[in-house]
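Residues per chain are reported as follows:
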Amino acid sequence: MLLIGLAVYLNYFLTTDPSLSAGTDVSAPQEEGEHLGDATFVGTGVSDPDEDTSDTSAEDAAPQNYFDKARSNRTAAREEALSILQEVLDNAIPLVLYDRPCPSLKCDQVVSDDYMGAFNAVEYLIQTGKRKVMYLSSSFQLEVSRRRYQGWRDALLRYNIPITDDMLIECDTRSKAIIATPGILQRDNRPDAIFCVNDDCAAGVLHVAQILGVKIPEELSICGFSNAPICRATLPMLTTVQQ
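Anyway, here's the lowdown on the structure attached to this text. Here the residue index of a chain counts from 1 through its sequence in written order. Confidence filtering applies because this is a predicted model: local features only for residues at pLDDT of at least 70, side-chain atom pairs given and counted only at 80 or more, and all residues used for totals across whole chains, interfaces and linings. By convention in this description, side-chain values take in all heavy atoms of the structure and omit both hydrogens and water.

This brings us to the nonpolar core. Residue types Ala, Val, Leu, Ile, Met, Phe, Trp, Tyr and Cys, when buried and joined through side-chain atoms within 4.5 Å, form a set referred to as a nonpolar core. Partly exposed residues are those whose accessible area sits between 20% and 50% of the maximum for their type, while under 20% is buried and over 50% is exposed, using a 1.4 Å probe and protein chains only. Judged by nonpolar contacts, the single largest core of 20 residues is most densely connected at Leu136, Ile194, Cys196, Val205, Leu220, Ile222 and Leu238. Mapped by element, the contributors of at least two residues to this core are β7 (133-137), α4 (174-185), β9 (193-196) and α5 (199-211). Two residues form a contact once any of their heavy atoms are found within 4.5 Å. Aside from chain neighbours lying at most four places away, what touches Cys196 is Tyr135, Leu136, Cys201, Ala202, Val205, Cys223, Gly224 and Phe225. Numbering goes from the N terminus for both helices and strands, where a helix is a DSSP run of H or I of at least four residues and a strand is a run of E of at least two.

Right under this line is the structure:
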């Protein structure tokens, strides 16, 4: 029997403002694997074992042993999935992963170009007149976070914009953004644009900015990443990178 396809879902990771024109999508090119073969095994959202997939946001509210057990279960499930995928490769079955890079598996992978997506988004913000573009990142243990950081950094360097320590913080959820944004926007030298690692975070920034009376986009431009449904549920709609 010829195996022609199998979808696997394993994911434990766990704007448009008018200045960029409403509904703007900044596209992230797709990186395609080579030599895909006739039969393919397709993986969705398989994380690399070296990536940090824990979510510590609720740790203070529950016993530590609960989170230790949850992380142990996640790690075991992830390792089992990767073991199965490696067995597929060992049996000479063509394998294609998509959506999330997994460097430990030597196979074809179709993923977004996170670097160029971030670079293009930040460059666009700069070209609209923004000069202090902050980056709200996820953990650097995640490959996508590192690539988006590099794109943000290189866009600033290309336009000779200095990068200071206060232009980068780890903040990758809406709830974290709601907590962090007031302090960011009340700085004496606050950013005039914020590039967020994902749309959920960008929505949190937009929510707080509007509560504080910050004018979008005259005083602050906001850009997310992924083009998630939440982008079309905010007013103004979020600028985002089409993934």
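Still more ground to cover, so stick around.
Turning next to the pattern of salt bridges. Whenever Lys or Arg places a side-chain nitrogen within 4 Å of a carboxyl oxygen from Asp or Glu, that contact is recorded as a salt bridge. Across all of its chains, the model carries eight salt bridges by this definition. The shortest N-O distance in the salt bridge between Asp172 and Lys176 comes to 3.3 Å. Exposure remark for Asp172: the relative accessible area of 18% places this residue in the buried category. Residue Arg190 is joined to Glu219 by a salt bridge in which the shortest nitrogen-to-oxygen separation is 3.7 Å. Pair noted here: Arg190 is in the loop between α4 and β9 and Glu219 is in the loop between α5 and β10 (221-223), with a separation of 29 residues, a long-range link. The class of Arg190 is partly exposed, set by a relative accessible area of 28%. By relative accessible area, which is 32% here, Glu219 ends up partly exposed. Counted as one network, the salt bridges with shared partners bring together Lys132, Asp166 and Arg187.

Relative to the helices and strands, Asn227 resides in the loop between β10 and β11 (240-242). Overall, the relative accessible area of 18% leaves Asn227 in the buried class. Within the structure, the side chain of Asn227 is placed 3.0 Å from the side chain of Arg232, a separation counted as a polar contact. Any pair of nitrogen or oxygen atoms within 3.5 Å is treated as a polar contact; in protein, a donor-acceptor pairing is required on top of that, and neighbouring residues in sequence qualify only through side-chain atoms on both sides.

Looking now at the packing of helix α2 (residues 114-127) against helix α3 (residues 143-158). The contact between α2 and α3 brings their axes to 7 Å, and the two run at 35°. Relative to α3, α2 is oriented so that their crossing is right-handed. Seen from α2, the contacting residues are Asp114, Tyr115, Ala118, Phe119, Val122, Glu123 and Ile126; seen from α3, they are Val144, Arg147, Arg148, Gln150, Gly151, Trp152, Asp154, Ala155, Leu156 and Arg158. Three classes are used: nonpolar for Ala, Val, Leu, Ile, Met, Phe, Trp, Tyr, Cys and Pro, charged for Asp, Glu, Lys and Arg, and polar for all others, with Gly counted as polar. In terms of residue class, the contact of α2 with α3 is made up of nine nonpolar, two polar and six charged. The axes are straight lines fitted to the C-alpha atoms, using for helices just the contacting stretch, and the angles between their N-to-C directions are given from 0 to 180°. Crossings are classed by handedness, with left-handed meaning an anticlockwise turn of the near helix from the far one by less than a right angle and right-handed meaning a clockwise turn.

Centres within 6.5 Å make a pair out of two Phe, Tyr or Trp rings, where for Trp the six-membered ring is used; the pair is then stacked when the planes are under 30 degrees apart, edge-to-face when over 60, and tilted otherwise. The final tally for this structure, using the stated rule, is five aromatic pairs. Measuring from centroid to centroid gives 6.3 Å for Tyr115 and Phe119, while their planes differ by 25°, and the two rings are stacked. With Tyr115 and Phe119 both in helix α2 and four residues apart, this pair spans about one turn of that helix. By the ring-pair criterion, three or more aromatic residues cluster together here, those being Tyr135, Phe140, Tyr149, Trp152 and Phe195. Our definition puts a charge over a ring when NZ of Lys or CZ of Arg is within 6 Å of the ring centre and also within 35 degrees of the ring normal. A cation sits over an aromatic face here: Arg148 above Phe225, 3.7 Å from the ring centre.

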